[in-house]
Amino acid sequence: MAFNKIWYTVALGLLLPFSYAHTDFFTSIGHMTDLINTEKDLVVSLKDYIKAEESKLEQIKKWAEKLDQLTDTATKDPEGFLGHPVNAFKLMKRLNTEWGELESLVLKDMSDGFISNMTIQRQFFPNDEDQTGAAKALLRLQDTYNLDTDTLSRGNLPGVKHKSFLTAEDCFELGKIAYTEADYYHTELWMEQALKQLDEGEVSSADKVYILDYLSYAVYQQGDLGKAMMLTKRLLELDPEHQRANGNMKYFEYIMAKEKEANKSSTDSEDQMEKETEVKKKDYLPERRKYEMLCRGEGLKMTPRRQKRLFCRYYDGNRNPRYILGPVKQEDEWDKPRIVRFLDIISDEEIETVKELAKPRLRRATISNPITGALETAHYRISKSAWLSGYESPVVSRINTRIQDLTGLDVSTAEELQVANYGVGGQYEPHFDFGRVSPVFCLHLFLLHKHCVSLFQVANYGVGGQYEPHFDFARKDEPDAFKELGTGNRIATWLFYMSDVSAGGATVFPEVGASVWPKKGTAVFWYNLFPSGEGDYSTRHAACPVLVGNKWVSNKWLHERGQEFRRPCALSELE
């Protein structure tokens, strides 16, 4: 029975990973859930091993207790004990046979089943890139949401269901990863947190000497020589023979002496230059600051006068036969650009179907190298995505028809439904989604019309998942990104929210200060292009990192071709 159980575990380990083998786990919460089942399987295997070892030790213990009593009696009167012929026979038998059996039992390896399972599963474990990616995600969340290290370490986040905390060793690991990236700012924060937790009495394998070594250097790299010297002195109190610390101390003292000799006026001038440089650095990424403020809900609020122009209504798709008797609920989210939200527009059953179709196909986002043309991993986009076409499932086909009915736009030239799953701290840095197109497709090109369809995208945002500011349409002053499709630029974006999010995960528009918060079963819609075919630059948007929870979205990008009479050209470029 035990033999069969071991082989069942091994067989299970063989079957599951090949079915769900994926790379870049940290880029998709959807795929990370498979690791939970993997770890559970390993725990079961480990407990079986422990039971086998305990059974083995119990047998050895009983043997030892029995012989302990016997030898105590025998050693008190060896001759009298062996005078009994049965005792003499049993002594010969024990030493010749039974002790050999005991030796075999002691040497018996009970770990074969566990080690076999570990060997099989290990090849599908996350790697160093996953661990580094997850660590960077925590740092990104810390910056975006202005979280101090103590709050993050203690797991005091809004909306958490399963509270967790970071040990001093975890904090030390985060600091080391930041250090390898030459990110001395975060190195200092997390090494100080590790040191604080150790000073408070936390029992840990983390060594204060190693922490102080990293911390003092990180502080020095940021220009705080006095603090670097203080930390180095503390290190030397713990380990007076530390070679690097002694060398650093001499170097710090030398630098300090040189600074004291420097002319005070030149020092003041340098300080002023540093301040000016710092101001320039702060002004260098104004969009990034606006984006992070919007993610935190700190953006500019719409004036009451503009708010009065926003309404909610029952919408029938401009008298579409399918919605005349059963109109949908629609509400205005923003006026310029006009962003509308459709409520209860996709059912839970449809959401689950789309997710199940997409999950096996989720792959790491890639981009085409503009020089070589080769596909490369998009490091500014931490996510996995899949594409679903209408012919594969009646659910996807029904969703496509719904989008066409409610927007009034032809979906036969739209891209397929894209399903995206953002991972830990998933992001998509500021970019334009619109292709750089030269010709204007606002013409009545019926003879050239092509039914080139792109897929329906579904996205799943994980812990810290985000999609940074970008456009969903193509700019006309750059190479045509959609030339091969032959369907023109991305005229509009339809975005389904397929999950609720406990904290974070908003869709923000930094150019105008709009924030749209995810709500399961709803969808938002906006035009990327003016009727003239020119891009509306105010639609630059981003998906904020998911602080707590899991975010699934799906996108439908509609193109210009086929909309010639559905959305005619205007006389002005900006109309």
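Looking at an unreviewed UniProt entry, one finds the protein named Prolyl 4-hydroxylase subunit alpha-1 and attributed to Aquila chrysaetos chrysaetos. In its Cofactor (unreviewed entry) section, UniProt records this for the protein: "L-ascorbate". Its UniProt record gives the protein the following Subcellular location (unreviewed entry) comment, quoted word for word: "Endoplasmic reticulum lumen".

Student: Looking at this model, I keep getting lost on the overall build of the protein. Mind explaining?
Tutor: A tally of helices and strands in the protein yields 17 helices and 19 strands. Residues classed as buried in the protein amount to 46% of the 575 residues present. Contacts in the protein between residues far apart in sequence, at least 24 positions, make up 79% of those at least 6 positions apart. When the accessible surface of the protein is summed, it comes to about 31,200 Å², and 56% of that surface belongs to carbon and sulfur atoms.

Student: How should I be thinking about the confidence of the model for the protein in this particular structure?
Tutor: Predicted coordinates in areas of low pLDDT are best not read in detail. Residues of the protein with pLDDT of at least 70 account for 80%, and the chain-wide mean is 83. Strand S3 (residues 339-343) holds the highest mean pLDDT among the elements of the protein, 98, whereas helix H1 (residues 2-19) holds the lowest, 40.

Student: So what exactly am I meant to see when it comes to the pairing of strand S8 (residues 416-422) here?
Tutor: Across a regular strand the side chains alternate sides, sitting on one face of the sheet and then on the other. The buried count for S8 comes to seven of seven residues, which makes it a mostly enclosed element. Direction of pairing for strand S7 (residues 383-388) relative to S8: antiparallel, over a ladder of six bridges. What sits directly across from tryptophan 387, in S8, is glutamine 418. Pairing analysis gives four bridges linking S8 to strand S19 (residues 551-559), with the strands arranged antiparallel. Residue pairing in the sheet places glutamine 418 in a bridge with asparagine 555 of S19.

Student: Would you explain the side chain of aspartate 213 in this entry?
Tutor: For aspartate 213, the location among the structural elements is in helix H10 (residues 208-221). Here aspartate 213 is in contact with Leu235, His242 and Arg244, once residues within four sequence places are set aside.

Student: Teacher, can you tell me more about the state of the cysteines here?
Tutor: Note on terminology: a disulfide is the covalent bond linking the sulfur atoms of two cysteines. Counted by the stated rule, this structure contains one disulfide. Here cysteine 295 connects covalently by a disulfide to cysteine 544, the sulfurs 2.0 Å from one another. Between cysteine 295 and cysteine 544, the disulfide has an S-S torsion of -85° and is therefore left-handed. Taken together, the residues cysteine 295 in helix H14 (residues 286-295) and cysteine 544 in the loop between strand S17 (541-543) and strand S18 (546-549) connect sequence positions 249 residues apart. There is no split in this pair, since cysteine 295 and cysteine 544 are both buried.

Student: What am I meant to see in the pairing of strand S12 (residues 490-497) here?
Tutor: When you tally the buried positions in S12, you get eight out of eight residues, the bulk of the element. As judged from the seven bridges shared by S12 and S19, these two strands associate in the antiparallel manner. In the sheet register, leucine 495 faces S19, and the bridge partner there is asparagine 555. Both S12 and strand S16 (residues 522-527) contribute to a ladder of six bridges, which runs antiparallel. The residue bridging tryptophan 494 from the neighbouring strand is phenylalanine 525, located in S16.

Student: Help me understand the packing of aromatic side chains, please; the structure alone is not making it clear to me.
Tutor: Two descriptors summarise a pair of aromatic rings, namely the distance from one centre to the other and the angle between the planes of the rings. For the structure on display, the rule yields 18 aromatic pairs. Ring plane angle 65° and centroid distance 6.0 Å describe the contact between tyrosine 179 and tyrosine 217, whose orientation is recorded as edge-to-face. Of the two residues, tyrosine 179 is situated in helix H8 (residues 168-180) and tyrosine 217 in helix H10; the sequence distance between them amounts to 38 residues. For tyrosine 179, a relative accessible area of 27% translates into the label partly exposed. Between the NZ or CZ atom of arginine 490 and the centre of the ring of tryptophan 557, over which it lies, the distance is 3.8 Å.

Student: Teacher, can you tell me more about the UniProt feature "repeat: TPR" (unreviewed entry) in the protein here?
Tutor: In the numbering adopted here, UniProt assigns the feature "repeat: TPR" (unreviewed entry) to residues 209-242. In the segment residues 209-242, helix accounts for 79% and strand for 0%; the C-alpha atoms at its two ends are 9 Å apart.

Student: Just checking my understanding: could you explain the pattern of salt bridges for this structure?
Tutor: Side-chain pairing between opposite charges can occur once the charged atoms of the two side chains come close. Applying the stated rule across the entire model yields 30 salt bridges. Here arginine 154 ties to glutamate 200 by a salt bridge, and the two come within 3.7 Å at their closest N and O atoms. Taken together, the residues arginine 154 in the loop between helix H7 (149-153) and H8 and glutamate 200 in the loop between helix H9 (184-199) and H10 connect sequence positions 46 residues apart. Across the pair glutamate 192 and lysine 227 runs a salt bridge whose closest N-O atoms are separated by 2.4 Å. Separated by 35 residues along the polypeptide, glutamate 192 in helix H9 and lysine 227 in helix H11 (residues 225-238) bring together distant segments of the chain.

Student: Hey, could you run me through unusual backbone geometry in this one?
Tutor: Negative phi values dominate among residues other than glycine, just as trans dominates among peptide bonds. Of note, the amide linkage connecting lysine 336 to proline 337 takes the cis form, showing an omega dihedral of 0°. In this structure, proline 337 sits in the loop between strand S2 (328-334) and S3. Here the phi dihedral of asparagine 146 falls at roughly 50°; this positive angle occurs in a residue that is not glycine. Residue position: asparagine 146 is located in the loop between helix H6 (128-144) and H7. Judged by relative accessible area, which is 54%, asparagine 146 ranks as exposed.

Student: Hey, could you run me through the environment of lysine 290 in this one?
Tutor: Looking at the secondary structure, you find lysine 290 in helix H14. Spatially, the C-alpha atoms of lysine 290 and glycine 513 are 7.7 Å apart, while their sequence positions differ by 223 residues.

Student: Would you take a moment to explain the nonpolar core for this structure?
Tutor: Side chains that are nonpolar tend, in soluble globular proteins, to be buried together. Core analysis: the largest hydrophobic core is formed by 45 residues, its most contacted members being Tyr145, Trp190, Ile211, Val508, Cys544 and Leu547. For this core, the secondary structure elements donating two or more residues are H6, H8, H9, H10, H11, helix H12 (243-261), H14 and S18. One finds Ile346, Ala358, Ala523 and Leu558 within the second-largest nonpolar core, a separate group that totals 33 residues.

Student: What is the right way to look at a negative patch on the surface in this model?
Tutor: The grouping of Glu58, Glu65, Asp68 and Asp72 at the surface amounts to a negative patch. Structurally, glutamate 58 can be placed in helix H2 (residues 29-76). Assessed through its relative accessible area of 39%, glutamate 58 is described here as partly exposed.

Student: Could you clarify how one ought to interpret helix H4 (residues 85-107) in this entry?
Tutor: One turn of an α-helix holds 3.6 residues; hence residues three or four places apart share an orientation. Compared with the 33 Å implied by 1.5 Å per residue over 23 residues, the 32 Å span of H4 between its first and last C-alpha is a close match. The largest bend in H4 is about 45°, located at arginine 94. Burial in H4 covers these residues: Arg94, Glu98, Leu102 and Leu105. Where H4 is buried, its residues touch H2.

The rules behind the values
Residues numbered from 1 in each chain as written. Predicted model: local features only at pLDDT ≥ 70, side-chain atom pairs only at ≥ 80, totals over all residues. Heavy atoms only, no water. UniProt positions renumbered as here; feature names shortened; annotations may be inferred. Helix = DSSP H or I, 4+ residues; strand = E, 2+ residues; numbered from the N terminus. Buried < 20%, exposed > 50% of the residue type's maximum accessible area, 1.4 Å probe, protein only. Contact = heavy atoms within 4.5 Å. Areas by Shrake-Rupley, 256 points an atom, 1.4 Å probe, with all protein chains shown as cover. pLDDT = per-residue confidence, 0-100. Pairing = 2+ DSSP bridges. Disulfide = S-S within 2.5 Å. Phe/Tyr/Trp six-rings, centres within 6.5 Å; stacked < 30°, edge-to-face > 60°. Lys NZ or Arg CZ within 6 Å of the ring centre and 35° of its normal. Salt bridge = Lys/Arg side-chain N within 4 Å of Asp/Glu carboxyl O. Core = buried A, V, L, I, M, F, W, Y, C linked by side-chain atoms within 4.5 Å. Patch = residues over 30% accessible without salt bridge, like charges linked within 9 Å, V, L, I, M, F, W, Y side chains within 5 Å. Lys, Arg positive; Asp, Glu negative; His and termini not counted. Charge placed at Lys NZ, Arg CZ, Asp CG, Glu CD. Expected span 1.5 Å × (residues − 1). Bend = angle between axes of the 7 residues up to and from the residue.

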